[in-house]
Structure formats: C-alpha cells, structure tokens
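Remarks on the overall topology
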Amino acid sequence: PFRQYYRDNENLDVESVGKGEHASMEDVKFFAESLAEYKRQHEETKNIVENMSVGMLLCDASKLKQKMLPSPMKCLEAINDRLPKLARQKNDALIETTQGATSKLEVVPSSTIEFVESLTFLDEIQEKTQEIEEEANVIRALYDLIEKYNVPAPPEDVAVYQTLTPSVNNMLQAIDKSLADRDANIEKFCSHLDKDIATLGKEVKAVKLQAQNTAILDPSSDMEEVLKTLEDLHSTMNDLQEKATEYKSYQKQFKVDVTRFDELEETHAEVRMKQQLWESLKSWDVVTADWFEKKFEELNPEDITQKVQKYAKSVMQMERGLPPNGVVPLLKKKKVPTATLR
C-alpha cells in the first residue's frame, strides 16, 4: 500500500477543488476524506520499523521510511493551505450576498420603478433561500473540519466566519417582513403606476393635438417640414409606446389589472399613417423618375406591377383611415405615364 499511496499522492491537485461559483458538499467530502487519509498515511509511515529480522535476513527499511514520510506531509500541507483559503473565500462571498440582499429588502420604495425593483428582487431572493442556506451549511462544514483537524487558519478568518449565521438569519427575517408587506406594497405600486399612466395619457394628448395640425394635411405645406414634424411625433410616440408596454409588463408581472391604452394606439396609428402619406408622396416621384430614365426593354414588369399595387393599397388605406384632405387625392392622381417611357 505504501507504493500505491505514494504514487497517488504525487498526482494530488488541491487547487482544482472549490473552483465552482458555489461551495458544495463534494468539496467538504474531499477535504474530510483527504485529511483523514493523509493523517492515517502519516501515522502508518511513522510506524514503519526501520530494522527487522526476517528469518536469516535483516531488513533495513530506513531509506523507505525516509522516502515515504514526506509524501503524506506534503499532501497535508497542501490541504491545510487550500482549505482555509477556500472557506474564507466562500464565506466572504455568501456574507456579501446575504448582507446585500438584506440592504435591498430594507429599502423603502418611493417610485414606480423602485417598487418594481423591490418586489422583483423579493421574488428572486425568495427562490434562492434554499440554495443560500445549503451553501451556508457547506461553509459551516468546512470550518468544522478546520476545527476538528486543527488546520491552521488566521484568527480574523474565524472571526468573520462567526458573522455568517447572523447574516443569513437577518436576510431571512428581512424576507419574511417583505413578504408580510407585499400586498400593501403592491397597492402602493399600483397607486404610483396610475399616476405614471395619467402622465403618459397627457403626453399622448399633446402629441395628438400636434398631429391634428391642419398644416399636416394641407397639400400646399412644405413637404420636408411636414416630414420632419411627423418624424419627431413618430419618435415621441415610439417612446410612449415603450413606456406603455413596460407598464403593462409590470401589471402582468404582479398580476393586477392590465391597462388598455386605446388613445395611444389610435394616435400612434394616426401619426404613422400621416407619415406614410407624405413619404409615399415623396418616394413615388423618385420611383417613377427611375422608370422614366430607363428604356422600355430595361424595365421589370413584375417589379412595376408590385410597386403600383402596393401604392394603390396604401392610397386605399389612407382614404379610409384619414379625414377628408387634399393630400390623399394628390397622391391618388399620381400615375405612371407609360407613354413617356422610352
């Protein structure tokens, strides 16, 4: 057995232990078995009889003993070096997690987004409590091994370890309190969100008022100015749409009534259609100008048919979706004068 454990000891790699994000009972098992094994090997090696008579022979085992004795000690030194460092590393990380969680849970929200963050974090940390408690048990087991086998560990490490259990308990108490306050906080969240939704509604009305400026549907208006105005309004509506989507996602997340944003949808559609109207007016001239520049045999009939049909469909949608105005008829009158195609 001495030869076998000597070979095994030469291949020991303690640095690979505990490389995962979380400590595990596999780590504890490795250190417990290793400490017991190398102490046993060390005792057996010390007890090797250096000189022994075997029949007529006198066996000298002093060189064997001299060769073997450092092997388990070398492994023990490696274990004694790695174990306290790993225990301190995992202990520090878990204390940071639990104290950070406690701090977040104790924050009193004062805005919609703060309520969302607080309630979301409560759900997340609640799901992690079992994992945290299991990791705390692993760390306790590591420090129990340090004590049991008298593994040298800095006194300050042991002092920090003493704060682990209080840190975990404080976090669990904070979770319990937050769970007790959850329904009340959801009501407060709804109150704050209602105010945000009302503000959004006012912003939508402001955009709607600007979108109904008579100059937008006046064929005599400057095309570039109108397009710039509509581009700005469309950008604003996209931002408001994102806010509305965000608000609805919050309501779904916390299982409260989901608000309908009908006026926002209507205003967004109106702005998009007016923007499409002027863009079609501008782009159609560009498309047809390209056709006019080509010889007849260079034209692609399928491409022309597809674009004309798309154009006609857009005109029909605008006639139905927009109030009577002078810009749609102007667009509708635009034709492809095929007689001029060379």
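Per-chain numbering applies: the sequence of each chain, read as written, is numbered from 1 onward. Local features in this predicted model are restricted to residues of pLDDT 70 or higher, and side-chain atom pairs are both shown and tallied only at a pLDDT of 80 or more, whereas totals for entire chains, interfaces and linings draw on every residue. Values reported for side chains reflect all heavy atoms of the structure, with hydrogen atoms and water molecules removed beforehand.

Here the focus is the overall build of the chain. Labels follow the DSSP assignment, with helices taken as runs of H or I lasting at least four residues and strands as runs of E lasting at least two, numbered in each case from the N terminus. Of the regular secondary structure elements, the chain holds 12 helices and 2 strands. Along the chain, from the amino end to the carboxyl end, the secondary structure elements read α-α-β-β-α-α-α-α-α-α-α-α-α-α. When the 342 residues of the chain are sorted by exposure, 35% land in the buried category. The protein chains shown are the only cover counted for residues, whose accessible areas, like all others here, come from Shrake-Rupley with a 1.4 Å probe. On the chain, roughly 20,900 Å² of surface is accessible, and the fraction owed to carbon and sulfur atoms is 52%. Think of it in three bands: residues with accessible area under 20% of the maximum for their type are buried, residues over 50% are exposed, and the middle band is partly exposed, with areas taken using a 1.4 Å probe on protein chains only.

This part takes up the pattern of salt bridges. Whenever Lys or Arg places a side-chain nitrogen within 4 Å of a carboxyl oxygen from Asp or Glu, that contact is recorded as a salt bridge. In this structure the tally under the stated criterion is 14 salt bridges. Note that Asp-232 is salt-bridged to Lys-228, the shortest N-O span being 2.9 Å. Residue Asp-232 and its partner Lys-228 are located together in helix α9 (residues 223–253), separated by 4 residues, close to a single helical turn. Taking the relative accessible area as the measure of exposure, Asp-232 reaches 38% and is therefore partly exposed.

To continue, consider unusual backbone geometry. The phi dihedral of Asn-150 falls on the positive side, at around 55°, and the residue is not glycine. Turning to its location among the elements, Asn-150 is positioned in the loop between α5 (112–148) and α6 (155–161). Residue classification places Asn-150 among the exposed residues on the basis of a relative accessible area of 66%. Its identity as a non-glycine residue notwithstanding, Lys-255 has a phi of 55°, on the positive side. Along the polypeptide, Lys-255 turns up in the loop between α9 and α10 (262–293). When its relative accessible area of 74% is taken as the criterion, Lys-255 is described as exposed.

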